[in-house]
Amino acid sequence: MTNNCKAIAPGKSLNSWQQFGLNLAARIYGGRDVVIAIDLTESVGLNSEGRRRLRQIVEDTLQSGDTVYIVPFATKINRLQSETTPLALESGIRFKGKPEDIEGILNVLPFESDLTLRNTDIQHAEWFTYKGLARLNQCRLDNGIAPQPQSIVWLTDAPLLTEPGIDSNTWKETPRESPFRQADSKLSKERQSWINALPINRRSQIITTDNNRTYDLTVVDIKPTVQEFCTPAPGGKETCLVNGYLLKLLLFPTLTTIIILLISAWGLRRYISLNKSWKIRIRFPDDDRIETKYRKLKHQEKIIIGDNESSRAIACPGEDIRGHLIRKGNKIYLKPTQYAPLEYRGQELKQEIEISHDSFSINCPVGKKDFEINIRVYR
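For the structure given in this document, a descriptive report is provided here.

Here is what the cut-offs are and how they apply
Residues numbered from 1 in each chain as written. Predicted model: local features only at pLDDT ≥ 70, side-chain atom pairs only at ≥ 80, totals over all residues. Heavy atoms only, no water. Pairing = 2+ DSSP bridges. Helix = DSSP H or I, 4+ residues; strand = E, 2+ residues; numbered from the N terminus. Axes fitted to C-alpha atoms, helices over the stretch in contact; angles between N-to-C directions. Parallel < 35°, antiparallel > 145°, perpendicular 65-115°, else oblique. Left-handed = near helix turned anticlockwise from the far one by under 90°. Contact = heavy atoms within 4.5 Å. Nonpolar A, V, L, I, M, F, W, Y, C, P; charged D, E, K, R; others polar. Buried < 20%, exposed > 50% of the residue type's maximum accessible area, 1.4 Å probe, protein only.

Now for the sheet that holds strand β13 (residues 323-328). Spatially, five strands are ordered β12-β11-β13-β14-β17 in an open sheet, and the strand pairing comes out mixed. Single-partner strands in this sheet number two, and they are β12 (313-314) and β17 (353-355). For β13 and strand β14 (residues 331-336), the ladder comprises six bridges, and the chain directions are antiparallel. For Lys-328, the partnering residue across the bridge sits in β14 and is Lys-331.

In structure tokens:
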């Protein structure tokens, strides 16, 4: 996708539901933006520890689907990026989790300082990076793509996230002509606006160089976010960006999740019902001497009709097995054997039938004499 995104400015604050939706969409669709911002001046000088930690970040924390951007800086953004080429969706290094991807990123990283560079303009680097990352997610909004969480790995001895108007007492290396020395300059205000607009979380690790100087390896994490712009519309209404954007992103996954949950609930309910034993109550109204019997019946089990010896049987006159009471799933069936008559609803059974009621009667006639059996199923 080409980076055909418009210029961007900080928008209005998102409400909690919008931020929740963006976080959810980012989790569903995956991917992150990871910026490795390296101070190229001699004061940083990546020694073995710094290189090891940077390699560790690349090898251990990058995930398949991440996009990596390398931003070297000193007085301004150097070499691989420039003010006329902002961070763009098509300019990142796509990480697919393969060993060659790791080596490809490590080969691009500038591990050596540039001795010709002086005076790190850290606020300029921050302005460039935060504005560029915000633009990436806004570009995704414009193209209907899910936002991504973002991280910047800063390697610099310069102070980060300082107040606008960075004087020499705060950071002596800021170039004398830098607009960021003036707190009310356009770029100073813009930088601070982006810092305020982005949900930033910062963590740092101090690293000591070979000549006993120190710099910070700082990771700044930014939750997936976009800028909300609402515009008055006819009829006393207003049109906004984020709600419609989230609806498009989350509608299909939400419906899919609901369907999966319903199917899972149905499957679980069916599984439980299939594994539940039914209690079968058996009464013999034609012979008061026979006590009421109870049997258990599970899925794919059967009870014999006509065997007077088995505990899995329903006793009736004669020695022949007249049929079976069979459970298949949550249905119950009568199946005759044809060895001796078995009647249901006044007719002799010739083939297996489904019983649609939980209470029913069968008859095991001997000659012209009936022998009725009442059966009640407790599911």
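After presenting the structure, the write-up continues.
Our focus in this paragraph is the packing of helix α1 (residues 16-29) against helix α6 (residues 242-275). Angle between the axes and distance between the axes are the two parameters that describe a pair of packed helices. Contact geometry for α1 and α6: axes closest at 10 Å, N-to-C directions at 40°. Overall, the two elements α1 and α6 adopt an arrangement that is oblique. The two elements α1 and α6 cross, and the hand of that crossing is left-handed. Where α1 abuts α6, its residues Gln-18, Gly-21, Leu-22, Leu-24, Ala-25, Ile-28 and Tyr-29 lie against Val-242, Asn-243, Tyr-245, Leu-246, Leu-249, Leu-250 and Pro-253. Its residues assigned to classes, the contact of α1 with α6 shows 11 nonpolar, three polar and no charged.

The buried fraction of β13 amounts to five of the six residues, a majority that puts the element mostly inside the structure. Alignment of strand β11 (residues 302-305) against β13, held across four bridges, turns out to be antiparallel. Bridge pairing links Ile-304 to His-324 in β13. In this structure, the hairpin formed by β13 and β14 is closed by a connection of two residues, where Gly-329 is found at a positive phi of approximately 65°.

When strand β9 (residues 278-283) meets strand β10 (residues 293-297), the two strands line up antiparallel, connected through five bridges. Along β10, the bridge assignment pairs Arg-281 with Tyr-294. In the sheet, β9 pairs with strand β19 (residues 372-378) via five bridges, with the strands oriented antiparallel. The residue of β19 that forms the bridge with Arg-283 is Asn-374.

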